[in-house]
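Structural overview
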Amino acid sequence: MKVSIQWLNSYLKERLSTNEIVAALERTEVEIEEVITPPKLDKKVITAKVVNVIDHPNADKLRLVDIEFGKTKRRVVCGAPNVRKGLVVAYAQPGSVLPEDFVIGEREIRGEKSAGMLASAKELGMGNDHSGIVELDPDLPLGISLCDIENMADIVDVKTPANRWDLLSVLGLAREISANSSKNQVVEPKREKIEYKNREVVKVKETGECERFISAVFKIDSNAETPAWIVENLEAAGMRAIHPVVDITNFVMLETGQPSHAYDSKKLKGALQVRFARAGELLSTLDGVERKLTKEDLVIADNSGAIGLAGVMGGASSEVSTQTQEIVLEVANFNKTTVRRSALRHGLRSEASTRFEKGLPLPLPCFAFERAAQLLKEICKAELIGDVNDQLYAWPWISFVGLRQRRAEMVLGTKLNEKEIIEGLRARGFSAEHFSLSAEAKKHLGKPYVYGASFKKNGEEAFDCSYLVERIYSKIGIAIGHTAQQQFNSGKPVEKDNLKPGDLVFYSGHWEKLDAKSRGDIGHVGMYLGKNQVIEASEYEFDTKIGKYIKRKTADVRYTTLDSYTSNPTFKGARRYTESFNHIIAVVAPWWRTDIVKEVDLIEEAAKILGYENMPSKLPELPPMETADHQMLPGLMGMREDLVAAGLFEVTTYSFVSEQDLLDTHIDPTSVLAIENPMSKEQAYLRNSLLSSHLQTVARNNTFYEKEYGFFELARIYEKSPRSKTLAQESWRLAICAVGKNGLERIKSVLDMCESRYQLRLAYKRSEEANFLPGRTATLQSQRIPEVRGLYGQVKPICLKKFSISDEIVFAEIILPDQSIFAESTQKSVSLLPYQLVSRDLTLELPNEVLWQNIALIVKSQKRISRVQFLQEFASEELTKTNKKRVSMRIWIDCGANPSQKEITKYMSAIESTLLADKTLKQVKIV
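Reading the values: rules and limits
- Residues numbered from 1 in each chain as written.
- Predicted model: local features only at pLDDT ≥ 70, side-chain atom pairs only at ≥ 80, totals over all residues.
- Heavy atoms only, no water.
- Phe/Tyr/Trp six-rings, centres within 6.5 Å; stacked < 30°, edge-to-face > 60°.
- Buried < 20%, exposed > 50% of the residue type's maximum accessible area, 1.4 Å probe, protein only.
- Helix = DSSP H or I, 4+ residues; strand = E, 2+ residues; numbered from the N terminus.
- Lys NZ or Arg CZ within 6 Å of the ring centre and 35° of its normal.
- Salt bridge = Lys/Arg side-chain N within 4 Å of Asp/Glu carboxyl O.
- Pairing = 2+ DSSP bridges.
- 1 Å grid on protein atoms, 1.4 Å probe; cavity = no way out; pocket = protein on both sides within 12 Å on 5 of 7 lines; lining within 4 Å.
- Points joined across faces, edges and corners; volume = space filled by probe spheres on them.
- Nonpolar A, V, L, I, M, F, W, Y, C, P; charged D, E, K, R; others polar.
- Domains from an automatic or database assignment.
- Contact = heavy atoms within 4.5 Å.
- Axes fitted to C-alpha atoms, helices over the stretch in contact; angles between N-to-C directions.
- Core = buried A, V, L, I, M, F, W, Y, C linked by side-chain atoms within 4.5 Å.

Moving on: the packing of aromatic side chains. Two measures describe an aromatic ring pair: the distance that separates the ring centres and the angle between the ring planes. Going through the model one piece at a time under the given rule, you end up with 19 aromatic pairs. Note on F463 and Y467: the rings are 5.0 Å apart at their centroids and 25° apart in plane angle, and the pair reads as stacked. The residues F463 and Y467 share a single accessibility class, namely buried. Ring plane angle 70° and centroid distance 6.3 Å describe the contact between Y764 and Y792, whose orientation is recorded as edge-to-face. Pair noted here: Y764 is in strand β39 (residues 762-766) and Y792 is in strand β41 (residues 789-795), with a separation of 28 residues, a long-range link. With relative accessibility at 8%, the residue Y764 sits in the buried group. A connected cluster of aromatic rings, assembled from ring pairs, spans W165, F367, W591 and W592. Its end group placed over the ring of W592, R175 keeps NZ or CZ at 3.9 Å from the ring centre. The ring centre of F400 lies 4.2 Å from the NZ or CZ of R471, which sits over that ring.

See the structure below:
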């Protein structure tokens, strides 16, 4: 976001230099991207005041302007429409040189001499506005050079955090600057006083998507022009001037952070509506594009149909123009997720949607409406027609949070001064005070008892028993529940002999009677304050003398004794919610700080108040913590090293995939977890397989100089939880991809290495899968850890074509359930044999469906067999016709030292006999 230093200074009581403003912003979460400084001006360009304006005798559009600076007076010829008496202007004296080497001289214009020129922002290199001369601060001294006025046209470009909507406004930045600069104050912009009515003028059909809608009709002057100061500020922010009304709404959006929209009321057909679009409904937006809407798009409509995409962009059919004399001004609060999805769906990220996506607070529309009304009145001579309607459908949230000073000191690693923290929070708009339990309780003494009281209905004017204690705890951000039963369930049990101030005490039953039924539930609660004293809100009290409840003369908040609870036959016990109330600051966040939710948010504010530069450079001392033994990540690191040693590259791909990626790999998108707020259509789903990610990787590397290579990835995949369709279930996967010829053999050798290294004892079974070639695909499963299972095969060319891949691709994907795969994989060294093993080659002719793995298992089952190695598979044209193949293997036999040929032949004969006799090997033949 770009904003001019001059604009920021307009909200500060004490003007600051560019460096001072940058320094103040750097003490916050704001990142300074760039400080843009315009070309340095000639010293002969000075400030001057217009003292008289008369018409040029020989030109209709020119005027003669008398100016003064100090005791000097000059006359210039000027054609600017905004020149007027009393204006402080930029005067370029004869001999001055403006940007682009434009030399100013003394000349005669239509018979009148002009001693220099009154300059516009564009001529000074301060912006693109050439519609009028620059209007300077009227308090500036006259006759000083503009280059001596620090940060006259400097622009600061900032990057704001995602959770701070207020920093996407100039006023929000000014608040932060004020708080972080010495003894400065924010000057709030002038706003119109508005009396709101709550009438259903706009038909808001989706109140959950639009929680506030303010609207009013204004009559405006169609000849009004946008003042130069608004144009300059808009241009500094990268926006262009369009129309006075539009410029005002854009200016207010940049100033306050609240988007608004103005409709030409004469172009509307009936009352405004807020609804979801009908499938296929068309809308021509202000950018001139006709858009086809879906049922998920929230729109502003009238009787003719959609006239705006809510929170994103208005429609062309109702836009204001130079002929507009009456407008409908809309300032609304739209659901952030709905706006973001619509903006992404239509590829239309606007300034408005960027702000709505942050989640704007409900009080903001009123603030922005009043500001817009003030500017419309000043600039467009606007007159309100009828009432201002404020349709509010939700409760504006107020955030109460407690800051424990000792906790903050432990986190920040330094001591804090409570007074400085309270003053710093107040400077930032917070309400902050030292919290005293007894003082807080005392505030409410004598206030009336109202059954079912709540903050929304009664504020702090009336209480019932549970709301009183809930309210006291809420002041320091501790949620204990609203009802007495909830409070009893959520607290930590405490014996009555160990009570501390702040503990709650409970008894059950209805107050007016004690029966068996009423003794079961929690009926009343009070807060123990120490010294046998309890504060409570009640209309009844228990008379210990008669053992009954009696009605009080006055139902209110009052003190009572702890004994009245503990001696009650229905006393249920006590509960504790915090161990200490010492050194706590009770804080109420201002309405614009929606990011303040928890204590840790206030600790961050305390760090800013202290100053990052003043924080210690050493890590805070934290107590040792117990950690669980976790072997998964160390095991994965070891597996990575093994796979890299096997000649594979490692890749890392996104966990998100597109709907098209899923369809191209025969995965139903409805079976996959969808992202609620995807960054783009290409990242709309969480993947449940790495196949599409790896095919995309191959496609992106199609110019790689090596035509045969392999890569792997160890990553998580995400599947729908069997307990809930909206929850994710994660698991680790090993995926291996081989590009080029002999991919099956290359991946098989890697799988063999993993089988040996991690003692998996893999069993293969021929399989048919949608993305893989039949006869060249198998499922695999570990016989040691059945949860380790997967798929291995050659990808179909028709599938590869969808990813623009022409090479042969073999892919394997294996589930790694947990660290058990690494638990027994420790390699052990064994002594070398003092003699050499005997090796013999064997070739079998057998049907195509018989897998090499099955042959190897049969051979390994024989005595004295040390190892079996696959050599090659052969299939001639003749063998193919009979659906057969030949498989060659090398067998290592431990025959002991110096075996005879007869012994070797005996072992080989036993192997051949076993293979020929095995029923799983059909039609096998020794070649």
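For the structure shown, the criterion picks out 52 salt bridges. Across the pair E29 and K608 runs a salt bridge whose closest N-O atoms are separated by 2.9 Å. With E29 in the loop between α2 (18-25) and β2 (31-36) and K608 in helix α16 (residues 599-610), this residue pair connects regions lying 579 residues apart in the sequence. The closest approach of N and O atoms between K197 and E195, which form a salt bridge, is 3.6 Å.

Across 5 bridges, the pairing between strand β3 (residues 45-55) and strand β6 (residues 88-92) is antiparallel. Across the sheet, I46 pairs through a bridge with Y91, a residue of β6. Where β3 and strand β4 (residues 63-69) come together, 6 bridges link them in antiparallel fashion. Looking across to β4, one finds that N52 is bridged to D66.

Of the pockets and cavities examined, the largest pocket occupies roughly 1,500 Å³. Lining the largest pocket are 41 residues, with K748, D752, W852, Q853 and F870 positioned closest to its centre. Of all elements in the fold, only α20 (743-757), β39, β40 (772-782), β41, α23 (852-860) and β44 (865-874) reach the threshold of two or more residues within the lining of the largest pocket. Counting residues per element, the lining of the largest pocket draws most heavily on α20, at 8 residues. Tallied by class, the residues present in the lining of the largest pocket amount to 15 nonpolar, 13 polar and 13 charged. There are two domains that each give the lining of the largest pocket at least three residues, and those are domain 5 (632-822) and domain 6 (838-926). Roughly 990 Å³ of internal volume is contained in the second largest pocket.

A separate point is the pairing of β4. With 5 of 7 residues buried, β4 is to be regarded as a mostly interior element. Bridge analysis of β4 against strand β5 (residues 72-78) gives 7 bridges, and the strand direction is antiparallel. The residue bridging R63 from the neighbouring strand is C78, located in β5. Here β4 hands over to β5 after 2 residues, with G70 in that stretch at a positive phi of 65°.

Relative to the helices and strands, T160 resides in the loop between β12 (155-159) and α3 (170-179). Relative accessible area serves as the criterion here: at 16%, T160 is assigned to the buried category. Those residues in contact with T160, other than ones at most four positions away along the chain, are L167 and L168.

One open sheet holds the 4 strands; their spatial order is β44-β45-β43-β46, and the pairing between them is antiparallel. The outermost strands of the open sheet, each flanked by one partner alone, are β44 and β46 (925-926). Set on the sheet, α23 makes contact with β43 (838-847), β44 and β45 (884-893); between it and β44 the angle comes to about 155°. Here helix α25 (residues 901-917) sits on the sheet in contact with β43, β44, β45 and β46, set at roughly 20° to β43.

Here we take up the nonpolar core. Membership of the largest hydrophobic core comes to 53 residues, with the highest contact counts inside it found for L8, F218, F369 and L376. Among the elements that line this core, the one with the most residues is helix α8 (residues 364-379), at 9 residues. Mapped onto the domain boundaries, this core takes at least three residues apiece from domain 1 (2-37 + 157-179) and domain 3 (196-392). Dropping the residues within four chain positions of it, L8 is found in contact with V3, I21, V156, V170, L173, A174 and I177. In this structure, L643, L744, C754 and V810 belong to the second largest nonpolar core, which totals 32 residues.

Glancing now at the side chain of S265. Relative to the elements of secondary structure, S265 occurs in the loop between β16 (261-264) and β17 (273-276). Judged by its relative accessible area of 14%, S265 is buried. Aside from chain neighbours lying at most four places away, what touches S265 is E326, I327 and V328.

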